[in-house]
Amino acid sequence: MNANDVFLLQAMIEREHQRSAPAMPPARHQTFFVAKQLLKKLNPGHDDLLSGIVDGEKDCGVDGMYLFANSLCVRDETPLKVLGRRARLDLYILQVKNTSGFTESPIEKLMLSLPKLLVFGRDEESLAETVNSRLIEISRRFLDTYRTLDLPELRIFVVFASLKAQYLHPGIERKGEELKQCLSSLFGAAEPSVRFLDAAAVADLSREPVRVTRKLQLAENPISTDTAGGYVAVVRLSDYERFITGANGELDGTLFEANVRDYEGATDVNKSIQETLETVDADEDFWWLNNGVTVVASRVRPANKMLELESPQIVNGLQTSTEIYKRKPTSYRSDNRSVLIKVIEAKDNVVRDRIIRATNSQTEFGPSALRATDRVQRQIEEYLLDRGLYYERRRRYYFNLGMPVERIVSIDQIGQSVLSVLVQTPHVARANPSTIFDKGVYEVVFDNKCELATYYSCIKILRAAADHLTIDGGIGIVEDYQYHLAMLLGMVLTGQERPRTTAVARLEDADFTTATARDLVKIIQHEYEKAHRSKRILMLDRLAKDELITEQLRDRGKEYLRGECWVQQAAVPAADGRRSRAKNARAGRVRGMPTQRS
């Protein structure tokens with residue numbers, strides 16, 4: 001490697017910074033950039049990448065920590081359902097430095113920190129003295145998931161990236177071996193890996209294409225009609241299992257637009273599928289007894305008894321696929337049965353939506369992929385697009401198109417904002433954002449009668465809360481305070497104890513005063529401190545997920561509206577949500593949220 005590699009990488013990172021996230025601090029963006037390149041084969045979304053950044057005070061030398069179960073990023077408290085045999089858990093620990101070389105001290109720091117972080121029965125109150133809340137939360141989630149999955153196949157990747165490095169000293173590699181031994185002593189069955197990335201290696205990662213093509217081996221030549229791009233075929237169970245299995249033998253969750261949490265577990269139907277799979281009858285083929293699987297791809301290329309699929313997604317047949325993956329590894333060679341597969345080329349999103357909706361028409365409450373086709377979801381996407389925001393009702397859609405990260409809004413983020421501002425359950429928004437797809441929750445969050453401006457206002461309030469916390473309190477507290485702050489801001493900006501959707505919708509062009517936000521943050525801090533003293537809850541993330549804290553903060557918000565709160569009152573807008581021009585002139589605009597229509 002030479003100096004040109006360093007120059008080219010620095011230019012690449014700077015271009016990406018200016019294009020994608022100009023408001024993001026440079027050090028944070030460097031971690032985001034390296035994580036994006038390192039993890040690209042796992043297809044994380046932009047919010048997945050941001051959620052794993054732990055850099056800051058008391059970070060123990062860790063800039064990023066990411067957890068994947070069967071290739072799916074795990075970042076909330078919703079328990080994972082059965083992942084089948086050979087469940088694989090991957091933990092990535094990342095350090096990024098914009099320096100010209102590698103040194104031993106960061107490795108030694110991890111050798112001291114990881115045995116404290118990655119151990120069951122750890123004392124979190126003691127840890128909090130030297131470890132930040134975000135790092136404690138993600139490492140706790142790793143330990144809990146590892147225990148829940150009943151000792152899955154575990155891999156731990158530690159990656160040191162030095163963005164200006166041109167050379168790796170042999171002594172550093174030896175130190176890396178010591179770190180691997182340290183990890184092996186913590187998890188004897190794990191496969192630890194320690195990797196050093198210099199400027200050339202990071203640049204090479206960025207040039208690697210994302211795997212988008214898969215080959216599906218067929219039992220016989222497929223049937224097609226005059227309509228181009230549609231095929232019906234039977235696939236041997238063993239070949240289909242290979243199609244849905246990752247390189248390391250895990251069920252590849254990236255194939256399913258519906259998260260594995262949509263797998264329904266040991267239902268009567270799934271038990272019946274499994275019994276059929278385990279009963280090999282030469283007189284009956286599996287596809288006679290099963291409705292089969294529907295796959296959509298952006299491009300389909302047939303080649304005799306093979307279909308090459310570009311960006312395939314299994315949009316119907318999650319239960320069947322999971323049961324095929326879970327079947328006992330016996331009698332494979334003597335089992336020549338097949339599963340029925342429909343493969344459809346769908347380059348157009350509207351066509352894809354119609355296919356997903358039609359093939360899931362018998363499902364009363366379909367998976368999250370089905371929800372993305374709802375009329376309200378398409379309307380929100382169009383409404384936000386008109387206001388300069390890109391709503392990812394389809395995961396990674398705008399991220400893959402290279403749209404600025406700061407203007408991408410995920411379906412989880414919309415759900416979190418509505419849960420915080422309107423539903424007033426910020427503890428659920430913090431702990432379990434994926435519950436927005438649950439029966440009873442989805443209908444409340446995405447009410448067809450709700451004005452579309454309401455969703456824009458909610459995401460604007462949530463981002464305003466995050467912006468204020470970033471400026472006044474630093475990145476460390478944003479994740480834990482922002483949902484409670486959004487709830488209180490919704491109350492204050494509308495002047496209503498339980499904000500109505502119409503009042504929130506009228507906040508589309510509203511601003512908020514920094515003084516008001518500071519008052520509300522003081523209220524949050526006070527309630528957190530009270531809970532710590534009375535309930536001995538020390539960790540900020542646990543406080544942010546506590547339902548009682550939400551109830552108490554809602555009461556404090558009501559007192560604030562009535563002028564009874566102990567903090568110094570800031571101006572409260574009228575009950576209909578309108579504010580005077582003078583107050584608007586004094587208020588600061590919300591960064592990254594344009595109010596004019598494009």
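Novice: Would you mind going over a nonpolar patch on the surface in detail, with residue names and values included?
Specialist: On the surface, Trp287, Trp288 and Leu289 cluster together into a nonpolar patch covering about 340 Å² of accessible area. Within the secondary structure layout, tryptophan 288 lies in the loop between α10 (268-278) and β9 (293-297). Since its relative accessible area comes to 52%, tryptophan 288 is described here as exposed.

Novice: Which residues make up the pattern of salt bridges, and what values do they have?
Specialist: For the structure shown, the criterion picks out 38 salt bridges. Across the pair glutamate 108 and lysine 175 runs a salt bridge whose closest N-O atoms are separated by 3.2 Å. Separated by 67 residues along the polypeptide, glutamate 108 in helix α4 (residues 104-117) and lysine 175 in helix α7 (residues 170-186) bring together distant segments of the chain. Between glutamate 527 and arginine 556 there is a salt bridge, with its nearest N and O atoms 3.3 Å apart. With glutamate 527 in helix α22 (residues 514-535) and arginine 556 in helix α24 (residues 547-561), this residue pair connects regions lying 29 residues apart in the sequence. Across the pair, arginine 556 and glutamate 527 agree in class, each one buried. Among the charged side chains, a network of salt bridges with common partners joins Arg122, Glu124, Arg134, Glu137, Arg140, Arg141, Arg430, Asp480, Asp541, Arg542 and Lys545.

Novice: Can you lay out the confidence of the model for the protein for me, pointing to particular residues and giving the numbers?
Specialist: Note: predicted coordinates in regions of low pLDDT should not be interpreted at a detailed level. Of the residues in the protein, 85% have a pLDDT of 70 or more, and the chain-wide mean is 84. Between residues 362-366, whose pLDDT stays under 50, and residues either more than four places distant or in other chains, the model counts 5 contacts. For residues 568-598, every residue scores under 50 in pLDDT, and the model assigns this stretch 73 contacts once sequence neighbours within four places are set aside.

Novice: So what's going on with the packing of aromatic side chains? Which residues, and what values?
Specialist: Overall, the coordinates contain 14 aromatic pairs when judged by the stated rule. Ring centres of tyrosine 442 and phenylalanine 446 lie 5.1 Å apart, and the angle between their planes is 45°; on these two criteria the pair is classed as tilted. Phenylalanine 446 gets classed as buried once you look at its relative accessible area, which sits at 3%. What links up through ring pairs into an aromatic cluster is the set Phe120, Phe142, Tyr146 and Phe187. A cation sits over an aromatic face here: arginine 387 above tyrosine 383, 3.6 Å from the ring centre.

Novice: Just give me the short version of the side chain of aspartate 198, but keep the residues and values in it.
Specialist: Secondary-structure assignment places aspartate 198 in the loop between β5 (191-197) and α8 (199-207). For the buried aspartate 198, which has no salt bridge, the nearest side chain bearing the opposite charge is arginine 195, at an N-O separation of 9.1 Å. One polar contact links the side chain of aspartate 198 to the main-chain amide nitrogen of alanine 201, over a distance of 2.9 Å.

Novice: Describe the environment of valine 232, and please don't skip the residues or the numbers.
Specialist: Positionally, valine 232 belongs in strand β8 (residues 230-236). Assessed through its relative accessible area of 36%, valine 232 is described here as partly exposed. The spacing of valine 232 and proline 222 is 10 residues in sequence and 5.6 Å in space, taken between C-alpha atoms. When near neighbours in sequence (up to four residues on either side) are disregarded, valine 232 contacts Pro222, Ile223, Leu340, Ile341 and Lys342.

Novice: How would you summarise the nonpolar core if you had to cite specific residues and measurements?
Specialist: Grouped together as the largest cluster of nonpolar side chains are 59 residues, with contacts concentrated most on Ile414 and Phe446. When residues of this core are assigned to their parent elements, the largest contribution, 11 residues, is made by helix α20 (residues 478-494). The contacts of isoleucine 414, once residues within four sequence positions are left out, are Leu384, Tyr391, Val409, Phe446, Tyr455 and Ile459. Counting residues in hydrophobic clusters, the runner-up holds 40 residues, among them Met65, Phe102, Leu127 and Tyr146.

Novice: Which residues make up α22, and what values do they have?
Specialist: Over its 22 residues, α22 runs 31 Å from end to end, which matches the ideal 32 Å to within 8%, given 1.5 Å per residue. Within α22 the residues assigned to the buried category are Thr516, Ala517, Asp519, Leu520, Val521, Ile523, Ile524, Glu527, Tyr528 and Ala531. At the exit of α22 stands arginine 536, carrying a positive phi of roughly 60°.

Novice: Just give me the short version of the sheet that holds strand β6 (residues 213-217), but keep the residues and values in it.
Specialist: Here we have 3 strands laid out as an open sheet, ordered β6-β11-β10, and antiparallel in their pairing. Edge positions in the sheet fall to β6 and β10 (299-302), since each has one partner strand and no second. Sheet twist, expressed as the average angle between the axes of neighbouring strands with direction ignored, equals 20°. Two elements, β6 and strand β11 (residues 306-310), share 5 bridges in a ladder whose sense is antiparallel.

Novice: How would you sum up the pairing of strand β13 (residues 338-345)? Please name residues and give values.
Specialist: Of the pairings in the sheet, the one linking β8 to β13 comprises 7 bridges and is antiparallel in character. Bridging across to β13, arginine 236 finds its partner in serine 338. In this sheet, β13 lies alongside β9 in parallel orientation, the contact comprising 5 bridges. Residue pairing across strands places alanine 297 opposite glutamate 345, the latter belonging to β13.

The rules behind each value
- Residues numbered from 1 in each chain as written.
- Predicted model: local features only at pLDDT ≥ 70, side-chain atom pairs only at ≥ 80, totals over all residues.
- Heavy atoms only, no water.
- Patch = residues over 30% accessible without salt bridge, like charges linked within 9 Å, V, L, I, M, F, W, Y side chains within 5 Å.
- Areas by Shrake-Rupley, 256 points an atom, 1.4 Å probe, with all protein chains shown as cover.
- Salt bridge = Lys/Arg side-chain N within 4 Å of Asp/Glu carboxyl O.
- Helix = DSSP H or I, 4+ residues; strand = E, 2+ residues; numbered from the N terminus.
- Buried < 20%, exposed > 50% of the residue type's maximum accessible area, 1.4 Å probe, protein only.
- pLDDT = per-residue confidence, 0-100.
- Contact = heavy atoms within 4.5 Å.
- Phe/Tyr/Trp six-rings, centres within 6.5 Å; stacked < 30°, edge-to-face > 60°.
- Lys NZ or Arg CZ within 6 Å of the ring centre and 35° of its normal.
- Lys, Arg positive; Asp, Glu negative; His and termini not counted.
- Polar contact = N/O pair within 3.5 Å; in protein donor to acceptor, adjacent residues only side chain to side chain.
- Core = buried A, V, L, I, M, F, W, Y, C linked by side-chain atoms within 4.5 Å.
- Expected span 1.5 Å × (residues − 1).
- Pairing = 2+ DSSP bridges.
- Axes fitted to C-alpha atoms, helices over the stretch in contact; angles between N-to-C directions.

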